[in-house]
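Close look at the chain arrangement
Residues per chain are reported as follows:
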Amino acid sequence: MARRMTRSVCALLCALAVAWPAVTRAEEPDWDKRFHTQVQQWMKTIVERDPQFRDWTNARIDAQSLGANQHQWLVSVTRDGRQVGYMVVGESPAPGKQPTFVLLEYGVGEYILFDDAFAPRAVAAEPVYDGFASHWLVARQEHRELVDAKTGEAYPASVASGPPVITTLPDSELARPEERLTAARVLSGAVQDPFDRIGWLNDTSHRRQVTWTDLWQKTTSGPVTLTVPLFQSDVLAPFAVQSLHLWNGHAAYVGVWDEGLRFVPYAYAMKVGQFHAEDTTSLKTSSLPD
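Residues numbered from 1 in each chain as written. Predicted model: local features only at pLDDT ≥ 70, side-chain atom pairs only at ≥ 80, totals over all residues. Heavy atoms only, no water.

1. Focus: the overall build of the chain
Helices and strands together make up the secondary structure of the chain, namely three helices and 14 strands. Buried residues in the chain amount to 50% of all 290 residues. When the accessible area of the chain is evaluated, it comes to approximately 14000 Å², of which 51% is carbon and sulfur surface. (Helix = DSSP H or I, 4+ residues; strand = E, 2+ residues; numbered from the N terminus. Buried < 20%, exposed > 50% of the residue type's maximum accessible area, 1.4 Å probe, protein only. Areas by Shrake-Rupley, 256 points an atom, 1.4 Å probe, with all protein chains shown as cover.)

If you want it as structure tokens, here you go:
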């Protein structure tokens, strides 16, 4: 497996299990079946709407729990013995009803979150999921170390994780059971490196935030970059925005390049980062898709 490039700016300039989640619930004897069925439904609608996910057709899915009592699962997608993507599924409580599955994140490509090939070789490495801030927490005698869950990059011992953000999103901002991917748009067909054009690094203006409408209706060819301060702003991570997804006309996801195409909820991206676009004034007059 090829070595992957570091994609962060530090200090602002400074065996995965191949089985379904081991969850035994006497009160929910059909839990595994519901989980499996829901994942398959989401995969099917993504493949039907976005040809970038064509390798997901007839793919195999395996899953593991992301930590005890976290109610989050990493779904690995493989085809013909090779990795072609992943999903992160959460479980949201529903008073008086069965918990609801929600789609926290998904991506296409050979590199997944918490890839065993990049896992720290330490017994005490604990996976911690929180969108872009996902990491392995490695406990050592003298200190704790954070290792990026997507790239395997080890961060300086001085960085510390903050409270989780992605779990604060309301269900209305996430794809839920029975919902379909209803619209998809590619902003850039070519893989872009945010370091090729670093206007975002010096963009300290307080202009208005780039909205979902700006992104969807953007007609100019200039790049869009999402910058995310991580670990209490000790790390600044830039991502090139490549694609957009809309589920049932309400749940929006942005696809960024991060060693593969990685989709996170737009509401989450707005909470943790800032979009930078060279020109958002030339917009289409057509309405957003339903």
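2. Quick notes on the environment of Val 39
Turning to its location among the elements, Val 39 is positioned in helix α1 (residues 31-49). In sequence terms Val 39 and Val 102 are 63 residues apart; their C-alpha atoms lie 9.9 Å from each other. Dropping the residues within four chain positions of it, Val 39 is found in contact with Ile 61, Val 75, Met 87 and Val 89. (Contact = heavy atoms within 4.5 Å.)

3. Re the confidence of the model for the chain
Detailed reading of the predicted model is not advised wherever pLDDT is low. On average, residues of the chain score 83 in pLDDT, and 81% of them reach the 70 mark or higher. Across residues 1-5, confidence stays below pLDDT 50; counting only partners more than four residues off in sequence or on other chains, it has 14 contacts. For residues 8-26, every residue scores under 50 in pLDDT, and the model assigns this stretch 51 contacts once sequence neighbours within four places are set aside. (pLDDT = per-residue confidence, 0-100.)

4. Points about the pairing of strand β10 (residues 224-230)
Summarising burial for β10: six of the seven residues are buried, a large majority. With four bridges connecting them, β10 and strand β14 (residues 274-277) associate as antiparallel partners. Looking at β14, one finds that Thr 225 is bridged to His 276. As paired elements, β10 and strand β11 (residues 235-247) share six bridges and run antiparallel to each other. The partner of Leu 230 across the bridge, within β11, is Val 235. Once β10 ends, the chain turns through four residues before running back antiparallel as β11, passing Phe 231 with a positive phi of about 50°. (Pairing = 2+ DSSP bridges.)

5. Concerning the nonpolar core
Counting 79 residues, the largest nonpolar core has Trp 56, Tyr 106, Phe 132, Trp 247 and Phe 275 as the members making the most contacts within it. Of all the elements, β11 adds the most residues to this core, at seven residues. (Core = buried A, V, L, I, M, F, W, Y, C linked by side-chain atoms within 4.5 Å.)

6. As for unusual backbone geometry
Here the phi dihedral of Asn 58 falls at roughly 60°; this positive angle occurs in a residue that is not glycine. Within the secondary structure layout, Asn 58 lies in the loop between α1 and β2 (60-65). For Asn 58, a relative accessible area of 74% corresponds to the exposed category.

7. Considering the side chain of Thr 45
Among the structural elements, Thr 45 can be located in helix α1. Overall, Thr 45 belongs to the buried group, its relative accessible area being 6%. If we skip the residues at most four places from it in the chain, Thr 45 touches Glu 179, Arg 180, Leu 181 and Trp 247.

8. A short note on the environment of Leu 74
Mapped onto the elements of the fold, Leu 74 is located in strand β3 (residues 72-79). Residue Leu 74 is classed as buried on the basis of its relative accessible area, which comes to 2%. Considered as a pair, Leu 74 and Phe 114 are 40 residues apart in the sequence and their alpha carbons are 8.6 Å apart.

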